[in-house]
Amino acid sequence: MINPDAAVLITGATSGLGKECALALGAAGRTVIVHGRRHDAADEVVKQIRKKGGTALPFVVDFSDLKALDKAFQNFPSLPLHGVMANAGVISRRPKVLGLSAQGYDMTFAVNVLAHQLILMKLSDRVLEGGRIIIVTSGVHDPRNRLSRFARISEPKWVGAQHLAHADEAPPELDLSNGFLRYSASKLSNIFQARILQEKFPHFDVFALNPGFMVDTDLIHEVPSFLRPFLKSLGRIITPFVKSMRLSSTTAKDVRSLLENLDWKNGGFAYLDGNIIESPSPNALRHDLATELWKDASEIVESSISL
Ligand SMILES: NC(=O)c1ccc[n+]([C@@H]2O[C@H](COP(=O)([O-])OP(=O)(O)OC[C@H]3O[C@@H](n4cnc5c(N)ncnc54)[C@H](OP(=O)(O)O)[C@@H]3O)[C@@H](O)[C@H]2O)c1
């Protein structure tokens with residue numbers, strides 16, 4: 001039985017998959033903590049949930065600043081937690097478009113990995129027995145993923161957290177000038193985080209979720225704006241026929257099941273493609289790399305917030 005007073009935090013709940021999940025969970029009667037970096041956008045999602053009789057609270061902070069995120073926990077709702085969905089994410093082929101985080105880290109690694117590392121470090125203790133943590137990864141982490149390679153998203157090489165955090169200064173042979181490589185490495189890192197988190201906290205279940213290629217979100221912002229409606233419409237037509245493509249509303253149903261369906265209980269770490277348990281890439285299964293990522297990301301976060 002899920003504690004009816006326990007809340008679910010969804011990061012990046014102002015757009016795309018996170019917003020779909022927040023609305024779906026709110027409509028299902030769960031208390032949702034709606035994270036966003038923009039006040040107006042987070043308030044709007046909270047308003048939509050409340051309008052339909054649901055319960056929601058905003059949690060507003062920009063993940064590009066670890067110190068601000070650390071401080072924001074002073075205002076984090078003091079509710080018991082049933083779950084956390086670590087969902088906020090960015091991608092850019094040209095890393096300069098995203099710039100650096102407030103602490104000088106590569107933005108993709110800072111938002112997708114380091115901010116969530118801090119959240120997991122701060123909140124995991126508060127997740128109740130039988131709770132769920134979902135870390136959103138991507139099929140791009142896997143060299144065998146044909147759609148990612150077709151879309152020219154580079155397969156990740158594991159180069160370590162320090163190089164990913166300081167990607168602009170990495171040796172040229174690591175090829176980190178390619179923003180897609182930074183993204184796929186961040187998504188491999190998300191699986192490492194999920195695996196080590198499960199080892200540390202066996203009282204709740206941890207899932208690394210590949211949500212599928214979703215054409216109806218705002219993730220790919222580099223397509224010229226006049227082309228976006230056309231590509232989204234085309235993508236919606238193609239989606240039902242391509243196994244690794246999904247609409248965000250479909251993935252939101254999978255997320256709700258992972259959070260609420262007791263059949264998923266006590267299974268331990270699982271990598272899911274939608275609602276199907278699969279094996280992640282061989283590198284993602286390497287315990288030494290996962291341990292290294294967790295240790296190094298924790299050290300980077302701790303040193304950043306103590307400055
Ligand atoms: N779309 C896909 O095909 C796909 C495939 C595989 C995995 N994923 C993963 O799915 C997750 C959700 O992505 P999406 O497709 O739904 O994209 P999206 O529509 O762009 O949503 C991303 C969310 O992250 C938030 N965010 C970005 N930068 C942030 C920052 N500095 N601080 C705080 N929040 C920030 C965004 O806030 P704003 O609303 O303020 O921008 C937004 O709420 C990501 O982790 C992504 O890597 C997506």
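J.: What am I meant to see in the overall build of the chain here?
T.: When you go through the chain residue by residue, the secondary structure sums to 11 helices and eight strands. Against the globule reference of 19 Å for 307 residues, the chain gives a C-alpha radius of gyration of 18 Å, in line with a compact fold. Projected onto its principal axes, the C-alpha positions of the chain cover 55 × 50 × 40 Å. Restricting to contacts in the chain with at least 6 residues of sequence separation, those with at least 24 account for 75%. Carbon and sulfur atoms form 55% of the exposed surface of the chain, whose accessible area is close to 13,900 Å². Side chains of the chain carry 35 positive and 32 negative charges; the gap between the two charge centres is 6 Å.

J.: How should helix 2 (residues 39-51) be read in this particular structure?
T.: Helix length check: helix 2, at 13 residues, gives a terminal C-alpha distance of 18 Å against a target of 18 Å (1.5 Å per residue), a fit within 8%. The set of residues buried in helix 2 consists of Ala41, Ala42, Val45, Val46 and Ile49. What you see down the axis of helix 2 is that its buried residues fit within an arc of 135°, all on one side. More than 90 degrees from the buried face of helix 2, the exposed residues found are His39, Asp40, Lys47 and Lys51. Gly53 sits one or two positions beyond helix 2 and adopts a positive phi of about 90°.

J.: Quick question: what am I supposed to make of the site of the ligand here?
T.: Lining the immediate environment of the ligand, one finds 30 residues, of which Thr14, Ser15, Asn87, Tyr183 and Thr217 sit closest. Here an oxygen atom of the ligand and a side-chain polar atom of Arg37 are 2.9 Å apart. A distance of 2.5 Å is found between an oxygen atom of the ligand and a side-chain nitrogen or oxygen belonging to Tyr183. Taken by itself the ligand offers 900 Å² of open surface, and the protein chains cover 94% of this. For the shell around the ligand, the secondary-structure elements that each account for two or more residues are helix 1 (16-27) and helix 8 (179-200). Here the shell around the ligand is built from residues that sort into 13 nonpolar, 12 polar and five charged.

J.: Looking at this model, I keep getting lost on the nonpolar core. Mind explaining?
T.: What tends to happen in soluble globular proteins is that the nonpolar side chains get buried as a cluster. With 62 residues, the main nonpolar core has Phe59 and Leu69 as its most contacted residues. Here the element with the most residues in this core is helix 5 (residues 107-123); it accounts for 11 residues. With residues up to four places along the chain from it excluded, the contact list for Phe59 reads Leu9, Ile33, Val34, His35, Gly36, Leu69, Ala72, Phe73 and Phe76. The next biggest cluster of nonpolar side chains, apart from the first, holds 27 residues, and it includes Leu25, Ile49, Val136 and Trp264.

J.: I tried to follow the packing of aromatic side chains on my own but got confused; where do I start?
T.: Scanning all chains against the criterion turns up six aromatic pairs. A centroid spacing of 5.4 Å and a plane angle of 10° characterise the contact between Phe201 and Phe204, whose relative ring orientation is stacked. Since its relative accessible area comes to 16%, Phe201 is described here as buried. Members of the aromatic cluster, each reached through a chain of ring pairs, are Phe59, Phe73 and Phe76.

Conventions used here
Here the residue numbers are simple positions, counted from 1 along each chain's written sequence. With the structure being a predicted model, the display of local features is reserved for residues of pLDDT at least 70 and the display and counting of side-chain atom pairs for 80 or more, all residues being used for whole-chain, interface and lining totals. In computing side-chain values, all of the structure's heavy atoms are included and hydrogens and water are not. Numbered from the N terminus, helices here are DSSP runs of H or I no shorter than four residues, and strands are runs of E no shorter than two. It is over C-alpha atoms that the radius of gyration is taken, and the globule rule equals 2.2 Å times the number of residues to the power 0.38. Any two residues whose heavy atoms approach within 4.5 Å are treated as being in contact. The Shrake-Rupley method, run with a 1.4 Å probe sphere, supplies the accessible areas, and residue values consider only the shown protein chains as cover. Charge counting treats Lys and Arg as positive and Asp and Glu as negative, with His and both chain ends excluded. A charged residue contributes its charge at one atom only: NZ of Lys, CZ of Arg, CG of Asp or CD of Glu. Between the first and last residue of a helix there are one fewer steps than residues, each counted as 1.5 Å, and that sum is the expected span. Exposure classes here rest on a 1.4 Å probe applied to the protein chains alone. A residue is buried below 20% of its type maximum, exposed above 50%, and partly exposed in between. Taken from the helix axis, the directions to the C-beta atoms give the arc we talk about. Residues are labelled near a given molecule or strand when at least one of their non-hydrogen atoms is within 4 Å of it. Definition of a polar contact: a pair of N or O atoms within 3.5 Å, with one able to donate and the other able to accept a hydrogen when the atoms are protein atoms, and with sequence-neighbouring residues admitted only if both atoms are side-chain atoms. Gly counts as polar in this scheme, as do all residues outside two lists: the nonpolar Ala, Val, Leu, Ile, Met, Phe, Trp, Tyr, Cys and Pro, and the charged Asp, Glu, Lys and Arg. To define a nonpolar core, start from buried Ala, Val, Leu, Ile, Met, Phe, Trp, Tyr and Cys residues and group those joined through side-chain atoms within 4.5 Å. Working definition: a ring pair exists when centres of Phe, Tyr or Trp rings (six-membered ring for Trp) sit within 6.5 Å. Plane angles under 30 degrees give stacked, over 60 give edge-to-face, the rest tilted.

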